[in-house]
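Observations on chain architecture
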Amino acid sequence: MPHILINGQEVIAEEHKTVLDAALKAGIYIPHLCFHIGLSSTKSLQPNQSIYHGGTQIRNDSEDQYPGCNLCLVEVEGMDGYYQSCALYVKDGMKVFTMTELVMEKRKQNLTLLLKKHPHACIQCDQAQGCDRKLCSMEVPEKARCCWKFGNCELQKVAEFIGLEQGTGYTFPEDFPIIEDNPLFSVNYCLCVGCLRCVIACRNAAERETMGFVRKDGRYIVGTCAPGFKESKCRFCLVCVEVCPTGALRDTDTSKKKSKIRLSISPSIFPPEKDESMPLDKANLTNVPGIEGVYQLYDKEKNVLKIVGVENLKEILSAELGNTVDAAYFSYEENQMYTTRERQLLQQYMKKHGDFPPGNREMDELFS
């Protein structure tokens, strides 16, 4: 079996596997959207002659093969330039680098192009880690605001990991239809980035060709191969919903369907979360300012114990040092609107975990 080095870490890869596949299985994250582990590559898929958004037909205007999302770029020692790791096969002794200045800059450029038609205010907002989606602190117009998947969106996480080029403003969604006549899932084509995961998942896992794509006016547009899902021989297994990295495909409130096909798909691999916590000790507390802000306490496994907004960070955190037995780490942010920020972070935590942190459970009645 090939032995390769990725960022200096030795990885034993399977024969005939790509660098991206080997890296992800070894726990080394490389950003990607068009690839999904366990499915074949979307790269080089041929476009359909036409696809449908509901009853609207969209015709293909190019025979170009799908080039991939171009976010998984890497450099390899002894090879010039950069390469798509989803199409680069492992070779024994290969030395791969995933975070060089060159690849990070190219990823940023490619991501900015990918988001040209996709609303992305959520990625640039200073409050993105804890927005309650009720009031927009950035005064972004309502149509360009964050979608229902905010906070648990793979595209959002990938974009935060890569970053956007300077000067990228918010984007209004295109005038594509929202299909809601299916009892199991809805489709918002305005939020699709054309990664083709749904297309390849439908073909690989569901053994159907319900979903297809065309190249139109320089971009890739996904839709059904006939005017509706039923006419396109959809199995309604929801495997397309399972792999979608954006809010384009969504289970309906009445759907609890977990088909064997859907359960056979590996979960998406999100970027590692940034860890800004530090040990809760006197040395670290000396640098905490005595001003308004929000702090979080974590246990030894970095699980959140408490989220609190206070008038004096230094004073309250110093008191926590002796009062909270389980707390091992903390983080904080300065914010004069600390009560609003506290609420935002708590709501974001609840959306992800379904409950308050242990130290905030007494607040349950305030939010019910």
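These lines cover the structure that appears in this document, whether it is placed above or below. (Residues numbered from 1 in each chain as written. Predicted model: local features only at pLDDT ≥ 70, side-chain atom pairs only at ≥ 80, totals over all residues. Heavy atoms only, no water.)

1. Observations concerning helix 4 (residues 154-162)
What counts here: The buried label goes to any residue with under 20% of its type's maximum accessible area, the exposed label to any with over 50%, and the partly exposed label to all in between, with areas taken from a 1.4 Å probe on protein chains only. Each helix corresponds to a stretch of at least 4 residues labelled H or I by DSSP, and each strand to a stretch of at least 2 residues labelled E; elements are numbered beginning at the N terminus.
Taking burial as the measure, the 9 residues of helix 4 include 7 buried ones, the bulk of the element. Buried within helix 4 we find Glu154, Leu155, Gln156, Lys157, Val158, Ala159 and Ile162. Among the residues trailing helix 4, glycine 163 stands out with phi positive, at a value near 90°.

2. Here we look at the pattern of salt bridges
Inclusion rule: For salt bridges, the criterion is a side-chain nitrogen of Lys or Arg within 4 Å of an Asp or Glu carboxyl oxygen.
On inspection of all chains with the given rule, the structure shows 11 salt bridges. In this structure, glutamate 242 engages arginine 262 in a salt bridge whose closest nitrogen and oxygen atoms are separated by 2.5 Å. Highlighted residues: glutamate 242 in helix 6 (residues 239-243) and arginine 262 in helix 7 (residues 260-263), separated in sequence by 20 residues. Taken together, the shared-partner salt bridges in this structure form one network comprising Glu14, Asp21 and Lys25.

3. Quick notes on the packing of aromatic side chains
Here the distance between the centres and the angle between the planes together describe a pair of aromatic rings. Where we set the bar: For Phe, Tyr and Trp, where Trp contributes only its six-membered ring, two rings pair if their centres lie within 6.5 Å, and the inter-plane angle classes them as stacked under 30 degrees, edge-to-face over 60, or tilted in between. Note on geometry: a ring has a charge over it if NZ (lysine) or CZ (arginine) is within 6 Å of the ring centre and within 35 degrees of the ring normal.
As enumerated under the stated definition, the model contains 7 aromatic pairs in all. For the ring pair tyrosine 29 and phenylalanine 161, a centre distance of 5.1 Å and an interplane angle of 80° mean the geometry is edge-to-face. Pair noted here: tyrosine 29 is in the loop between helix 1 (19-25) and strand 3 (50-53) and phenylalanine 161 is in helix 4, with a separation of 132 residues, a long-range link. What makes phenylalanine 161 partly exposed here is its relative accessible area of 26%. An angle of 10° between the planes, with centres 6.3 Å apart, marks the rings of phenylalanine 330 and tyrosine 332 as stacked. Members of the aromatic cluster, each reached through a chain of ring pairs, are Tyr66, Phe213 and Tyr220. The aromatic ring of tyrosine 329 is capped on one face by lysine 302, whose charged end is 4.4 Å from the ring centroid.

4. As for empty space enclosed by the protein
Under the convention used in this document: With a 1 Å grid spanning the protein atoms alone, the term cavity applies to any set of points in which a 1.4 Å probe fits but cannot get out, the term pocket to an open set with protein on both sides within 12 Å along at least five of seven lines, and the term lining residue to any residue with an atom within 4 Å of a point. Grid points are joined across faces, edges and corners, and a volume is the space filled by probe spheres set on the points. The residue classification treats Ala, Val, Leu, Ile, Met, Phe, Trp, Tyr, Cys and Pro as nonpolar and Asp, Glu, Lys and Arg as charged. All others, Gly included, are polar.
Applying the stated rule across the entire model yields 3 cavities of 30 Å³ or more. Size it by volume and the largest cavity reaches roughly 120 Å³. For the lining of the largest cavity, the class distribution of residues is 13 nonpolar, 2 polar and 1 charged. Contributing to the lining of the second largest cavity are 13 residues, with Cys202, Thr210, Cys234, Cys237 and Cys240 lying nearest its centre. Residue composition of the lining of the second largest cavity, by class: 10 nonpolar, 1 polar and 2 charged.

5. What about the state of the cysteines?
For the record, the criterion: Sulfur atoms of two cysteines make up a disulfide when they are within 2.5 Å.
Within the structure shown, the criterion is met by 0 disulfides. Note on cysteine 72: no disulfide assigned, nearest cysteine sulfur contributed by cysteine 86 at a separation of 3.8 Å. No disulfide involves cysteine 192; its nearest neighbouring cysteine sulfur is the one of cysteine 198, lying 6.1 Å away.

6. A short note on the sheet that holds strand 6 (residues 83-84)
Applied cut-off: Strand pairing is defined by DSSP finding a minimum of two bridges between the two strands.
The mixed open sheet is built from 5 strands, whose spatial order is 2-1-7-5-6. Edge strands, defined here as strands with exactly one partner in the open sheet, are strand 2 (9-12) and strand 6. Two elements, strand 1 (residues 3-6) and strand 2, share 4 bridges in a ladder whose sense is antiparallel. Along strand 2, the bridge assignment pairs isoleucine 4 with valine 11.

7. Things to note about the environment of aspartate 217
Relative to the helices and strands, aspartate 217 is located in the loop between strand 10 (211-216) and strand 11 (219-224). Classification of aspartate 217 as exposed rests on a relative accessible area of 64%. For the pair formed by aspartate 217 and asparagine 60, sequence separation is 157 residues and the distance between their alpha carbons is 9.0 Å.

8. What to know about the sheet that holds strand 15 (residues 304-310)
Worth spelling out the cut-off: By definition, residues are in contact when any of their heavy atoms lie within 4.5 Å. Only the stretch in contact is used when fitting a helix axis, every axis being a line fitted to C-alpha atoms; angles between N-to-C directions are given from 0 to 180 degrees.
Taking strand neighbours across the sheet as the criterion, the 4 strands line up as 13-16-14-15 in an open arrangement whose pairing is antiparallel. Each edge of the open sheet is held by one strand with a lone partner, namely strand 13 (278-279) and strand 15. Strand direction decides the pairing type here: strand 13 and strand 16 (residues 329-334), joined by 2 bridges, are antiparallel. What sits directly across from proline 279, in strand 16, is tyrosine 329. On top of the sheet, helix 10 (residues 338-353) reaches strand 14 (293-298), strand 15 and strand 16; it is set at about 160° to strand 15, its chief contact.

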